[in-house]
Amino acid sequence: MSDTELVSTEPATGAFLWRGACGNVDAEVTQARASWPAWAAQPLSYRAEALRRFANVVRARGEDFADLIARETGKPLWEARGEVEAVMAKVDVSISAFAERTGQRRLDAQMGSRLALRHKPHGVLAVVAPYNLPADIPNGHIVPALLAGNAVVFKPSEKTPATGAFLVDCYRAAGIPEGCVRLLIGGRETGQALSEHPLIDGLLFTGSARTGLALNRRFAEHPEKILALEMGGNNPILVWDTPDLYTAAVLVVQSAFLGAGQRCTAARRLIVDQRLADPLLEQVNALIDRMIIDVPHADPAPFMGPMIDNDAADRLTERFLNLSGKGGRPIRYLERPVEGRPFVTPALVDMTEASERPDAEFFGPLLQVIRAESFEAAVAEANNTRYGLCATLVSQDPRRYDAFWANIRAGVINWNRPTTGTSPKAPFGGLGWSGNHRPGAFYAADYCAYPVASSEAEQARASIGVGLRDG
């Protein structure tokens, strides 16, 4: 990356993929600001129809889109195809959510008047997205923002700019005005400048807790602007009271290693009944032994590909060594099977006797194991984090799940399902360092428009009954 352009390469091969000029923050925001009023003035039905056309454009270009996502992120082609499906599905979900969460209401009021509730768009919203789901995550902000009548300035991750450019081209091919979806190519400094621009009305951010905390401090001086944060998690999967250890192992593997562990919902900690730990880990290890780790288009299809780049793989290697230095006992070592490329193998570290358990989101296929003596101790350990995004319980006892649900601190709580199993038809967000109580997915409509209450009467009627002298 230079000061004037971004170059994207394939993490699996190192091959050149895409090159694009870096954008100008002020020019993009100014263009969006100028284009927004006309878009906001269109009827909701007009904007909904435009977004349905967008879904059709994505459907027509779906295989090319999936191929690009797979090449730019390194994820398997089957996983990239699933991401494209999610992009299309977001339109209908958002239309339903807008009707449910921000619909119009009218109520009778005093003196023949009425009370009306409507929602208005904020104006220009900045969207800053990560590399792990480079189409699905920003689209999850952009579609509801456009539907509500906002204009958007979208900055994709500097690691996946080609996917961001393809996504924006699909909006434009659907007839959404160019000024209403602006693509801003650039690095971290560009994202910071966008967040500080005086002409944005809000920022919709998905990324690291460190960046999210900095944004929260920055926006504290701007209460007039909306800020929606989704910052990942140190997510637990708790295994208790289950005779089917193979299925439990499948859920652990899906939770921890899907997408090479590069999902905000990925399990970072396996907390397990100490009586089940060894036989469960034997099953997990057996699944890892069978796991295909390969390039995105390999045949047979891989379970996971490489991490996004060598820097990310190097950081994960350092964190694995750091856990060992804190008293963690490696069960399965993290390895780099392809020299010069960011492929890594899933790693397991037993942290039960460690002197310190870092409360951090290790973004990759690295799972910490903690053996618990009681269910109460297991739940307490699951809550031993500043984050609060996702948590899963694997158990055959409904009473255990009732206790787990009542006591765990997380925005997504699953039972006998992987931590990565979330639905766009439900709200998605977390507590603590995982978010600022602005859940996305079905609830994204809440932060894309604000409610306006109006007391209305067709004729002016007013009188003062007290406090006046006789006239």
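The preceding data block contains the structure.
Residue positions are given per chain, counted from 1 along the sequence in the order it is written. Per-residue local features of the predicted model are confined to residues with pLDDT of at least 70, and side-chain atom pairs are confined, for both listing and counting, to 80 or more; whole-chain, interface and lining totals are unaffected and use all residues. Think of the side-chain values as coming from all heavy atoms in the structure, minus any hydrogens and water.

**Q** Now, about the pattern of salt bridges: what can you tell me, with residues and values included?
**A** Salt bridges are identified by distance alone: a Lys or Arg side-chain nitrogen within 4 Å of an Asp or Glu carboxyl oxygen. Taken as a whole and assessed by the stated rule, the structure comprises 27 salt bridges. Salt-bridge contacts for E10 lead to R71; the nearest nitrogen and oxygen are separated by 3.5 Å. Taken together, the residues span a long stretch of sequence, with E10 in the loop between β1 (5-9) and β2 (16-21) and R71 in helix α3 (residues 62-73) at a distance of 61 residues. Of the charged contacts in the structure, one is a salt bridge between D92 and R52, with a shortest N-O distance of 3.9 Å. Taken together, the positions of D92 in helix α4 (residues 77-101) and R52 in helix α2 (residues 44-60) put the pair 40 residues apart, joining distant regions of the chain. A single salt-bridge network, built from bridges that share partners, covers D278, R329, D350 and R371. Secondary structure elements are defined from DSSP: runs of H or I of at least 4 residues count as helices, runs of E of at least 2 residues count as strands, and each element is numbered from the N terminus.

**Q** Could you give an account of the sheet that holds strand β8 (residues 202-206), with specific residues and numbers?
**A** Two strands pair under a simple rule: DSSP has to find at least two bridges between them. In space, the 5 strands of this open sheet follow the order β7-β6-β5-β8-β9, with parallel pairing throughout. Sheet topology places β7 (181-183) and β9 (226-230) at the edges, where each strand pairs with a single neighbour. Across the sheet, the axes of successive neighbouring strands diverge by a mean angle of 15°, strand direction being ignored. By the bridge criterion, 3 bridges tie strand β6 (residues 151-155) to β7 in an arrangement that is parallel. Residue F154 lies in a different strand from β7, and its bridge partner there is L183. Working rule for contacts: check all heavy atoms of both residues, and any pair within 4.5 Å makes them a contact. Only the stretch in contact is used when a helix axis is fitted, and all axes are lines through C-alpha atoms; the angle between N-to-C directions ranges over 0 to 180 degrees. Most of the contacts of helix α1 (residues 25-41) go to β6, to which it runs at about 160°, and overall it touches β5 (124-128), β6 and β7.

**Q** Go over the sheet that holds strand β4 (residues 114-121), please, and point to the residues and values.
**A** Backbone-to-backbone hydrogen bonds join strands into a sheet, with any given pair of strands oriented parallel or antiparallel. Across the sheet, 3 strands lie side by side as β3-β4-β21; this open sheet has antiparallel pairing. Every other strand in the sheet has two partners, leaving β3 (105-108) and β21 (449-456) as the edge strands with one partner each. Across the sheet, the axes of successive neighbouring strands diverge by a mean angle of 25°, strand direction being ignored. Pairing analysis gives 4 bridges linking β3 to β4, with the strands arranged antiparallel. Residue pairing in the sheet places R106 in a bridge with A116 of β4.

**Q** Talk me through the layout of surface pockets; I want residue IDs and the actual numbers.
**A** Rolled over the atoms, a probe with the dimensions of a water molecule shows which regions are left empty. The method works on a 1 Å grid over the protein atoms by themselves. A cavity is a set of points holding a 1.4 Å probe that cannot get out, a pocket is an open set with protein on both sides within 12 Å along at least five of seven lines, and residues with an atom within 4 Å of a point line them. Grid points are joined across faces, edges and corners, and a volume is the space filled by probe spheres set on the points. Counted as a void, the largest pocket has a volume near 1300 Å³. R188, G207, S208, R210 and T211 are the residues nearest the centre of the largest pocket, which is lined by 42 residues in total. Looking at the lining of the largest pocket, the elements that each hand over two or more residues are α7 (188-196), β8, α8 (209-219) and α11 (310-325). The element contributing the most residues to the lining of the largest pocket is α8, with 7 residues. Taken as a whole, the second largest pocket encloses approximately 790 Å³ of empty space.

**Q** I'd like a rundown of the state of the cysteines, residues and numbers included.
**A** Sulfur atoms of two cysteines make up a disulfide when they are within 2.5 Å. For the structure shown, the criterion picks out 0 disulfides. Cysteine C390 remains unbridged, with the sulfur of C264 as its closest cysteine sulfur at 6.6 Å.

**Q** Talk me through helix α6 (residues 161-173); I want residue IDs and the actual numbers.
**A** In a helix, the anticipated span is given by 1.5 Å times the number of residues less one. The end-to-end C-alpha distance of α6, which contains 13 residues, comes to 18 Å, matching closely the 18 Å that a straight helix rising 1.5 Å per residue would cover. Burial classes follow relative accessibility: with a 1.4 Å probe on protein chains only, a residue under 20% of its type's maximum area counts as buried, one over 50% as exposed, and anything between as partly exposed. Within α6, 10 of the 13 residues are buried, which leaves it mostly tucked inside the rest of the structure. Those residues of α6 lying buried are P161, A162, T163, G164, A165, F166, L167, V168, C170 and Y171.

**Q** So, the nonpolar core: which residues are in play, and what are the values?
**A** In this structure, F54, L146, F154, Y171, I176 and L194 are the most contacted members of the largest nonpolar core, which totals 75 residues. For this core, the element with the highest residue contribution is α4, accounting for 8 residues. Among the nonpolar cores identified, the runner-up in size contains 33 residues, and Y131, L316, F375 and L393 belong to it. Throughout, nonpolar core names a set of buried Ala, Val, Leu, Ile, Met, Phe, Trp, Tyr and Cys residues whose side chains join them through atoms within 4.5 Å.

**Q** Just give me the short version of the pairing of strand β17 (residues 412-415), but keep the residues and values in it.
**A** In this sheet, β17 lies alongside strand β16 (residues 390-394) in parallel orientation, the contact comprising 4 bridges. What sits directly across from L393, in β17, is W415. Handedness of the β-α-β unit built from β16, helix α13 (residues 398-407) and β17 comes out right-handed. A clockwise course of the path from the first strand over the helix to the second, judged with the strands pointing away from the viewer, identifies a crossover as right-handed.

**Q** Before we move on, can you summarise the packing of aromatic side chains with the specific residues and values?
**A** Pairing of aromatic rings covers Phe, Tyr and Trp, the last counted by its six-membered ring, and requires centre-to-centre distances within 6.5 Å; plane angles under 30 degrees mean stacked, over 60 mean edge-to-face, and any other angle means tilted. This structure, assessed with the given rule, holds 8 aromatic pairs. With a centroid separation of 5.9 Å and an interplanar angle of 70°, the aromatic rings of W240 and F375 are classed as edge-to-face. Highlighted residues: W240 in the loop between β10 (235-239) and α9 (245-257) and F375 in helix α12 (residues 375-382), separated in sequence by 135 residues. Taken individually, W240 and F375 each receive the classification buried, so the pair is uniform in this respect. Taken together, a centroid distance of 6.0 Å and an interplanar angle of 80° make the contact between Y387 and W433 edge-to-face. On the criterion of sequence distance, the pair formed by Y387 in strand β15 (residues 387-388) and W433 in the loop between β19 (431-432) and β20 (440-441) is long-range, its members being 46 residues apart. Here Y387 falls in the buried class, since its relative accessible area comes to 7%. Positioned above the aromatic ring of W433 is the side chain of R386, whose terminal nitrogen or guanidinium carbon lies 3.9 Å from the ring centre. For a lysine, the NZ atom is tested; for an arginine, the CZ atom; a charge sits over a ring if that atom is within 6 Å of the ring centre and within 35 degrees of the ring normal.

From the geometry alone we can't say anything about function, so treat these as descriptive.
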